[in-house]
Amino acid sequence: MLDDSEIQRILVIAAHPDDVDFSAAGTIALWTDAGIEVIYCIVTDGDAGGHDESVPRVEIPALRRAEQTAAAKQVGVHDLRFLGYPDGRVEATLALRKDLARVVRQVRPDRLVCPSPERNYARLGASHPDHRAVGSAALDAVYPDARNPFAFPELLADEGLKPWTVREVWLPGGPTPAHYVDITATFPRKVAALRAHESQTGQMENLEEFLRGWLTWAAAQGGLPEGRLAEAFQVLNTA
C-alpha cells in the first residue's frame, strides 16, 4: 500500500451526494489536512432522494449538488464534478466507463476511491445497485480504459486527454475490508459534512450516535484501541 507521502492527488468517485461522506469523509479530512488534493466525481444528482414531499422533485438535483458542495468544504474539498446520471437507474455501461475514464485522465490521480462492485450481505445498504454499477464502471475505467490509448481513442484525439495509470484504488463499503483508518480526530468534521446533507439527514436525530456505533465497530475489527473510531477499506494495487 502506498504511503500518503507518495500521494499528490486523489479522485473520489461516488454514486450519489452523501455517499462519500457516509463512507470516507473522516479519512478524506485527514488527507486534505496532509496537503493532498482531493477531487470528487458524483455520478448522479441524487434526484430520487430526500424525505420532504413538499419539495418539488425538479428542485432536488440542484439542492443535492449544493448540499454536497457544502459538505465537501467541511473536509477540505473544493473541486467537484457532477455527471448528472439518473438516480436509481445507473448501469455500468460503456458510456459511463468513458465518462469516468475522461475524469480520471483529467484529474490524473495517484489514488482513487470508489464503491465496491460486490454485494455486501452483512451491510445491504452499502450495496445499492447504483453503488455497485458505479464501482464496476470505475474499476473498468481504472483498468483498462484510462491507461489504454486505444480505449475510447477520441478522448485523446478529440479532447487531448493522455492515458493515465491510477496506482491504487480504495473501496469502502465492500465485504472484505482489510485496512482501517483512525478518524477519531476528524469525526466531528464527518458529522458536519453529513449534516450538510439536510435533505437526507435532517430527520436523523441520532445521526452522531449511529455513526459512532458503526465506526467503533470498524475500529474494533481493525484492532484499534478502545474508544477509537475508524473507516474501513479494501485497498487494491492497480499500478
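Residues numbered from 1 in each chain as written. Predicted model: local features only at pLDDT ≥ 70, side-chain atom pairs only at ≥ 80, totals over all residues. Heavy atoms only, no water.

Undergrad: Looking at this model, I keep getting lost on the overall build of the protein chain. Mind explaining?
TA: If you tally the helices and strands in the protein chain, you get 8 helices and 7 strands. In terms of overall dimensions, the protein chain has C-alpha extents of about 50 × 45 × 35 Å along its principal axes. When each of the 239 residues of the protein chain is scored for burial, the buried share is 48%. A fraction of 79% describes how many contacts in the protein chain between residues 6 or more apart in sequence connect residues 24 or more apart. In the structure as shown, the protein chain presents an accessible area of about 10,900 Å², 51% of it carried by carbon and sulfur atoms. Here the protein chain carries 24 positive and 34 negative side-chain charges, and the mean point of each set is 5 Å from the other. (Helix = DSSP H or I, 4+ residues; strand = E, 2+ residues; numbered from the N terminus. Buried < 20%, exposed > 50% of the residue type's maximum accessible area, 1.4 Å probe, protein only. Contact = heavy atoms within 4.5 Å. Areas by Shrake-Rupley, 256 points an atom, 1.4 Å probe, with all protein chains shown as cover. Lys, Arg positive; Asp, Glu negative; His and termini not counted. Charge placed at Lys NZ, Arg CZ, Asp CG, Glu CD.)

Undergrad: Looking at this structure, I do not really get helix α6 (residues 187–195). What am I missing?
TA: An α-helical turn contains 3.6 residues, so a residue and the one three or four places further along point in the same direction. Buried residues of α6: F187, K190, V191, A193 and L194, and no others. Considered in projection along α6, the buried side chains sweep an arc of 160 degrees and stay on one side of the axis. (Arc of directions from axis to C-beta.)

Undergrad: I would appreciate a short explanation of the pairing of strand β5 (residues 168–172) in the present structure.
TA: When a strand is regular, its side chains alternate between the sheet's two faces. With 5 of 5 residues buried, β5 is to be regarded as a mostly interior element. Of the two faces of β5, the one carrying E168, W170 and P172 and the one carrying V169 and L171 are both buried. Sheet analysis places strand β4 (residues 111–113) next to β5, joined by 3 bridges and oriented parallel. Pairing of L112 across the sheet is with V169, part of β5. (Pairing = 2+ DSSP bridges.)

Undergrad: What is the right way to read the nonpolar core from this model?
TA: Nonpolar side chains in soluble globular proteins tend to end up buried together. Core analysis: the largest hydrophobic core is formed by 32 residues, its most contacted members being I10, V12, I28, W31, V38 and Y40. Elements with a contribution of two residues or more to this core: β1 (9–14), α1 (19–33), β2 (37–44), α6 and α8 (207–221). Counting residues per element, this core draws most heavily on α1, which supplies 6 residues. Among all residues touching W31, those that are not within four sequence positions of it are D4, I10, I36, V38, R111, V113 and W170. Counting 28 residues, the second-largest nonpolar core is a separate cluster that includes V43, A101, V107 and V166. (Core = buried A, V, L, I, M, F, W, Y, C linked by side-chain atoms within 4.5 Å.)

Undergrad: Would you take a moment to explain the packing of aromatic side chains for this structure?
TA: Evaluation of the coordinates by the stated rule reveals 3 aromatic pairs. Between F210 and W214 the ring centres are 5.7 Å apart and the planes differ by 50 degrees, which places this aromatic pair in the tilted class. With F210 and W214 both in helix α8 and 4 residues apart, this pair spans about one turn of that helix. Judged by its relative accessible area of 40%, F210 is partly exposed. (Phe/Tyr/Trp six-rings, centres within 6.5 Å; stacked < 30°, edge-to-face > 60°.)

Undergrad: Quick question: what am I supposed to make of the pairing of β1 here?
TA: β1 sits mainly inside the fold: 5 of its 6 residues count as buried. With 6 bridges connecting them, β1 and β2 associate as parallel partners. Each residue of the ladder has a partner; that of I13, found in β2, is C41. In this fold, the crossover linking β1 to β2 by way of α1 has right-handed handedness. (Right-handed = clockwise from strand over helix to strand, strands pointing away.)

Undergrad: Teacher, can you tell me more about the side chain of Q200 here?
TA: Within the secondary structure, Q200 sits in helix α7 (residues 198–201). In this structure Q200 comes out as buried when scored by relative accessible area, which is 14%. A distance of 3.3 Å separates a polar atom in the side chain of Q200 from a polar atom in the side chain of S199. Setting aside residues no more than four positions away along its own chain, Q200 makes contact with D18, G49, G50, H51 and R64. (Polar contact = N/O pair within 3.5 Å; in protein donor to acceptor, adjacent residues only side chain to side chain.)

Undergrad: Sorry if this is basic, but what is going on with unusual backbone geometry here?
TA: Leaving glycine aside, a negative phi is the common case for residues, and trans is the common case for peptide bonds. Cis peptide bonds are those with omega within 30 degrees of zero, and the linkage from Y143 to P144 qualifies with 15 degrees. Among the structural elements, P144 can be located in helix α4 (residues 129–145). For D18, which is not a glycine, the phi torsion comes out positive at approximately 90 degrees. Looking at where D18 falls in the secondary structure, it is placed in the loop between β1 and α1.

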